[in-house]
Amino acid sequence: MQYRRFIAIISIFFIFLAGCSGPLTQMSFFTEESYNHNKFTSKDLVRGKIGFLPAVVPLGHEQFQTSIGNTLAKTFLEYNPDMAIVPPLEGINLINGNNLTKDFISIIKDYQVTGVLEKNILKQIGNVMGVDYIIQVRLVRFSQDKSSRLSAFGLRIMETRESSLEMIIQIWNPQNGLIVWEGMGSATLASEAFRAKNIYFRDITMLLSRKILEKLPA
């Protein structure tokens, strides 16, 4: 009887301790500059204007297309406030308003299969946006997981929520159809607590895109 009471008291203590303490967040990143054409740097971006194409995402992740574009636009401005950008939704309006919708759909579909943005259509899109560079993002992988551990007497003591993301950021020159820079990376964020907080897609996307842009030569 005393032993069971002792175990119960210890269990309640750990539950109380876990509930009072803040969530423990662990982060791991891997990023690299995978391609650089003609020693491209962030100074080249500042001298021009930047537009964004919708992100290419795996099947079943279409709901993240808009979020990636908006998050990336904010990240570029945080990286260097002097950059001039055309916001993603404004770029869509310019494409649709200049009767390039069919060509736009075609270039995105082809890119999903080939990884190539057709030169002539890309140039038209760049012209209607009035930009010198176009950002194309590919979401390679995104996953979320939730688990519980250290259960006693049927009680959940610790909860872990984990999000993993892998993405590629490309910078294209729409006038000549060349990729001038590419960076890629992966990130894993885990939150552990009595009631672990959700790790939102927007948050992990911003953190990883910041890390990738740090690979852009200054």
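Here is a short report on the structure shown in this document. (Residues numbered from 1 in each chain as written. Predicted model: local features only at pLDDT ≥ 70, side-chain atom pairs only at ≥ 80, totals over all residues. Heavy atoms only, no water.)

1. Some thoughts on the packing of aromatic side chains
By convention here, two paired aromatic rings are described through the distance between centres and the angle between planes.
Part 1 of the argument: A full pass over the atoms with the stated rule returns five aromatic pairs.
Part 2 of the argument: Judged by centre distance (5.3 Å) and plane angle (70°), the ring pair of Phe40 and Tyr133 falls under edge-to-face. Placement of the pair is Phe40 in the loop between strand S1 (24-36) and helix H2 (42-47) and Tyr133 in strand S4 (residues 133-149), with a sequence separation of 93 residues.
Part 3 of the argument: Judged by centre distance (4.8 Å) and plane angle (80°), the rings of Phe142 and Phe201 are edge-to-face. Of this pair, Phe142 sits in strand S4 while Phe201 sits in helix H7 (residues 201-213), and the two are 59 residues apart along the sequence. The pair formed by Phe142 and Phe201 is uniform in burial state, with each residue classed as buried.
Part 4 of the argument: Chaining the aromatic ring pairs together yields one cluster made of Phe64, Phe142 and Phe201. (Phe/Tyr/Trp six-rings, centres within 6.5 Å; stacked < 30°, edge-to-face > 60°. Helix = DSSP H or I, 4+ residues; strand = E, 2+ residues; numbered from the N terminus. Buried < 20%, exposed > 50% of the residue type's maximum accessible area, 1.4 Å probe, protein only.)

2. Here's the deal with the pattern of salt bridges
Part 1 of the argument: Tallied over the entire structure, the rule returns four salt bridges.
Part 2 of the argument: Across the salt bridge formed by Arg202 and Asp203, the nearest N and O atoms sit 3.8 Å from each other.
Part 3 of the argument: By relative accessible area, which is 45% here, Arg202 ends up partly exposed.
Part 4 of the argument: On the accessibility criterion, Asp203 (34% relative accessible area) is partly exposed. (Salt bridge = Lys/Arg side-chain N within 4 Å of Asp/Glu carboxyl O.)

3. Here we look at the packing of helix H4 (residues 88-97) against helix H6 (residues 119-129)
Packed helix pairs are specified by the crossing angle of their axes together with the interaxial distance, meaning the distance between the axes.
Part 1 of the argument: At their nearest, the axes of H4 and H6 sit 9 Å apart, and the two run at 110° to each other. As judged from the angle between their axes, H4 and H6 are roughly perpendicular. The chirality of how H4 crosses H6 is right-handed. Facing Gly91, Leu94 and Ile95 of H4, the residues of H6 in contact are Ile125, Val128 and Met129.
Part 2 of the argument: Considering only residue class, the contact of H4 with H6 consists of five nonpolar, one polar and no charged. (Axes fitted to C-alpha atoms, helices over the stretch in contact; angles between N-to-C directions. Parallel < 35°, antiparallel > 145°, perpendicular 65-115°, else oblique. Left-handed = near helix turned anticlockwise from the far one by under 90°. Contact = heavy atoms within 4.5 Å. Nonpolar A, V, L, I, M, F, W, Y, C, P; charged D, E, K, R; others polar.)

4. Section: the side chain of Asp44
Part 1 of the argument: With respect to the element layout, Asp44 can be found in helix H2.
Part 2 of the argument: For Asp44, the side chain forms a polar contact with the main-chain nitrogen of Thr41, separated by 2.9 Å.
Part 3 of the argument: Beyond its immediate sequence surroundings of up to four residues, Asp44 is in contact with Lys39 and Tyr133. (Polar contact = N/O pair within 3.5 Å; in protein donor to acceptor, adjacent residues only side chain to side chain.)

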